[in-house]
Amino acid sequence: MIGIFVNPQAGKGKALKAAALLEEILMEKEIPFAVYTSSWPVDLIQFSEAWVVGGDGTINFFINKYRVVNIPLALFKGGTGNDVAWKLYGNIGLHEQVELILNAVGKPVDAATCNEKLFINGVGIGFDGEVLRSMGLVRWLGGHLGYLFVVIKKIFSFREFTFKIIADEVQVNDKFLLVMIFNSSRTGGGFMVSPQSKINDGKLNMILCKPLSVFKRLLVLPKIEKGKHLQLPSVSHKTIEQVIIECEKELFAQLDGELIQGKKFEIKILLGYFMFKY
C-alpha cells in the first residue's frame, strides 16, 4: 500500500489539490493507498512506498520525523519553492510523474546532517537565514518572486560576518557574504546557487562569497539566479564531505527552507541515505 503524506498548509492549498488528483489516479488504477494530512502515522511499517506532497519544508519534516526509512520515497510539488522536487523530476506534470514513479525502482539519494538535523537540499548561513527570517512578510507574493523581493531588500542592508570554516583539507577564517553548503542545486524556487551539485555523488558543495559592495551585489545577483557565479573572483566553490562552521555570533540559517539558529554548524554527508523513485 502507498502512503500519501500531505502538508495541508503547503503552497496555499496546492498540496491538497495535488493530493486529491493523486487519489483519483490511484483509485482509477485500483492501487491501494492511504492519505494522511493533519495527522501522520507513528511509523511506515504498513507501506510499500511513501509519497510526500508539499514543498521543501514538507520533505524536510518527513525525513526528520521518519529518520530511518526502508521503503522508496517520491515527492510531488505542492509548496512554494519545490526545489528538491525540481531536482528529482524537473518540470514534468503530475500525471507523467505518477507514471514515472509507478514504473521506476528506488535509486539512492544522499542526505546530510546539520547539527544532527537531516536535510536533502542545502543550508545557507547568515545572509540566507536573514532572507528566510523576513519571508513571512511577503508570503503572499509566492515562492520565487517573494524570495527575490526579500533578497533585493537584504542586499542593501545586510552586513557580512566572520566565519571560521574547517572543511576536509580546507581551513579559512574570514568575512563572507554567502556561506552555503548544498547537496542539491536550487533554493528560493529557482536560484541556481549550486549548479554543479549532484544528489547521489557522496559530496556536498560549499559555496562562499567574499564581501561585496551593494553595487557589486546587485551585479552578482542575476548571475547567481542563473547559476553563472562559480567562476567569479569573489566566489569559491569546493566539493566536500563534511564541514564545521563557527560564527562570530549566533546567526540564523535556512535548512531546506526551514529557519534554524546557531553559533556553530557541523555538517556532513550521508551517502545514499534515502531511496527515491525518480
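Relevant structure appears above.
Residues numbered from 1 in each chain as written. Predicted model: local features only at pLDDT ≥ 70, side-chain atom pairs only at ≥ 80, totals over all residues. Heavy atoms only, no water.

One finds Ile-125, Phe-163, Ile-165, Val-243, Ile-245 and Ile-267 to be the most contacted residues of the largest nonpolar core, which totals 50 residues. If one sorts the elements of this core by residue count, strand β13 (residues 242-255) sits on top with six residues. Sequence-distant contacts of Ile-245, defined by excluding residues within four places in its chain, comprise Ile-125, Phe-163, Lys-164, Ile-165, Val-179, Ile-181, Lys-263, Lys-264, Phe-265 and Ile-267. Counting 46 residues, the second largest nonpolar core, distinct from the first, contains Ala-10, Trp-51, Tyr-66 and Ala-111. (Core = buried A, V, L, I, M, F, W, Y, C linked by side-chain atoms within 4.5 Å. Buried < 20%, exposed > 50% of the residue type's maximum accessible area, 1.4 Å probe, protein only. Helix = DSSP H or I, 4+ residues; strand = E, 2+ residues; numbered from the N terminus. Contact = heavy atoms within 4.5 Å.)

Now for the packing of helix α1 (residues 14-28) against helix α4 (residues 94-102). One way to put it is that α1 packs onto α4 with a least axis distance of 11 Å and a crossing angle of 55°. The angle between the axes of α1 and α4 places the two elements in the oblique class. Crossing of α1 over α4 shows right-handed handedness. Where α1 approaches α4, its residues Ala-18, Leu-21, Leu-22 and Ile-25 are matched on the opposing element by Leu-94, His-95 and Val-98. Across the contact of α1 with α4, the residue classes tally to six nonpolar, one polar and no charged. (Axes fitted to C-alpha atoms, helices over the stretch in contact; angles between N-to-C directions. Parallel < 35°, antiparallel > 145°, perpendicular 65-115°, else oblique. Left-handed = near helix turned anticlockwise from the far one by under 90°. Nonpolar A, V, L, I, M, F, W, Y, C, P; charged D, E, K, R; others polar.)

If you check α1, its first and last C-alpha atoms are 21 Å apart, about what 15 residues at 1.5 Å a residue would give, namely 21 Å. All buried positions along α1 are accounted for by Ala-15, Ala-18, Ala-19, Leu-22, Ile-25 and Leu-26. Buried residues of α1, seen end-on, are gathered within an arc of 120° and therefore sit on one face of the element. Of the exposed residues in α1, the ones pointing more than 90 degrees away from its buried face are Lys-17, Glu-24, Met-27 and Glu-28. Close packing links the buried residues of α1 with β1 (2-6), β2 (33-36), β3 (49-54), β4 (73-77) and α4. Two residues or fewer past α1, Glu-30 is found with a positive phi of approximately 60°. (Expected span 1.5 Å × (residues − 1). Arc of directions from axis to C-beta.)

Geometry only, nothing functional implied.
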